[in-house]
Each structure stands twice: as structure tokens, then as C-alpha cells.
Amino acid sequence: MEHTPSSKRSWYLIWCKPRKEHLAQENLERQRFETYLPLVRQLRRRAHRRITVVEPLFPRYLFIHLDKEKDNWSSIRSTIGVTALVRFGDQPAQVPDRLIKELQAHESPDGIHDLPSRSFQQGQKIRIEEGPLAGHEGIWLASNGKERAQVLLEIMGKQIKTEMNQNWLGHS
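Keep in mind the model is a prediction, meaning the values are calculated, not measured. (Residues numbered from 1 in each chain as written. Predicted model: local features only at pLDDT ≥ 70, side-chain atom pairs only at ≥ 80, totals over all residues. Heavy atoms only, no water.)

Novice: Which residues make up unusual backbone geometry, and what values do they have?
Specialist: Non-glycine residue Arg 19 carries a positive phi angle of around 60 degrees. Inspection of the secondary structure assignment puts Arg 19 in the loop between strand 1 (9-16) and helix 1 (21-30). We note that Arg 60 has phi near 75 degrees; this positive angle belongs to a residue other than glycine. Relative to the elements of secondary structure, Arg 60 occurs in the loop between strand 4 (49-56) and strand 5 (61-67). (Helix = DSSP H or I, 4+ residues; strand = E, 2+ residues; numbered from the N terminus.)

Novice: Would you mind going over the side chain of Glu 55 in detail, with residue names and values included?
Specialist: By the element assignment, Glu 55 lies in strand 4. According to the relative accessible area criterion, Glu 55 is buried, its value standing at 19%. Apart from the residues within four sequence positions on either side, Glu 55 is in contact with Pro 38, Leu 39, Val 40, Gln 42 and Arg 44. (Buried < 20%, exposed > 50% of the residue type's maximum accessible area, 1.4 Å probe, protein only. Contact = heavy atoms within 4.5 Å.)

Novice: Outline the nonpolar core, listing residues and values.
Specialist: Core analysis: the largest hydrophobic core is formed by 16 residues, its most contacted members being Ile 14, Leu 28, Leu 62, Ile 64, Leu 66 and Ile 76. Among the elements of the structure, strand 1, helix 1, strand 5 and strand 6 (82-85) are those that each provide at least two residues to this core. Apart from residues lying up to four places away in sequence, Leu 28 is in contact with Phe 33, Thr 35, Leu 62, Ile 64, Ile 76, Thr 79 and Val 82. (Core = buried A, V, L, I, M, F, W, Y, C linked by side-chain atoms within 4.5 Å.)

Here you go:
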């Protein structure tokens, strides 16, 4: 006798309308579908300053847990906020359970992913990505406070030590 699992549920991928992941999730959950929307906390630049925002880790994507035999999938496509169920050929894109478990395991207690901040080593080449010196390269010297960095720049043939916003810097 063959063992059949009590639940044949798998995770699938939903393609959402732009910036409508939360709306799609809310409407799918109203229909009693189980969903998962991984979120990430990030720094964004708004009005010449940086603010922390929480947004989808995978913009325009939402995971949905479905039973291929028991669940009625027909209402998914017409749900407000949903564009389509992602497919490969004529088959819905199935997501491995272990991927969902890994994503959930790396969330903070409030259910949000915190991406590691950019880290630099002393003497490492860096590139200035924002601010008045954007486009220039320099050498990372040290972190000087929460968001400040000491950088060695070569300007007009001279090496100059300066401080700037650490968020302006990227890897060279």
C-alpha cells in the first residue's frame, strides 16, 4: 500500500501588479488562501535624505500555498492586485518548500529581513556613488560614527583625508 501524505500542498508563485503585493496578499487571504510575502528593511533616498522603508524582498512576487487537487485556482487570476500565476510552459511555477522555510528562518522576530550593511576593510578601494564627489574612487580608512566614514581621496595629485556619509559608498 502506498503512503499518501495528508496534504499535497505546494508553494507557487504569483506575479502581482506593480506595488500591489500587499493588496494581492490581502485579497487572496480573504479568499482563505495561505500566502507569504517576504519583506525587507532598506535605506532609501527620499527628498535628499535617507529613510528606512519596509518593502517586498521580491518586488511584484508573492508566494501562495496551494493543493493542486483540492483548491479552486480559478479565482486567483481575477483577484485584485494579481496579474497572473507564474507558469513555465503550461505548468504553474512550483517553489521548493525548503526555499520558503529558509526565507522564514532568516527573518527578524518582526518578520522582516534585514540585509547586511555594506562593510569595507581598511585599505580597500571604494567608489563614491552619491554626493558631490560621486564617480570618484578612494581608499576606505575607517568608520567614524554610525553613518560617517573616513576616506582617502586623490585630488589634483594630492592625497586628502575626508569624511562623508557611509551610505554614499560602494565597492569599487
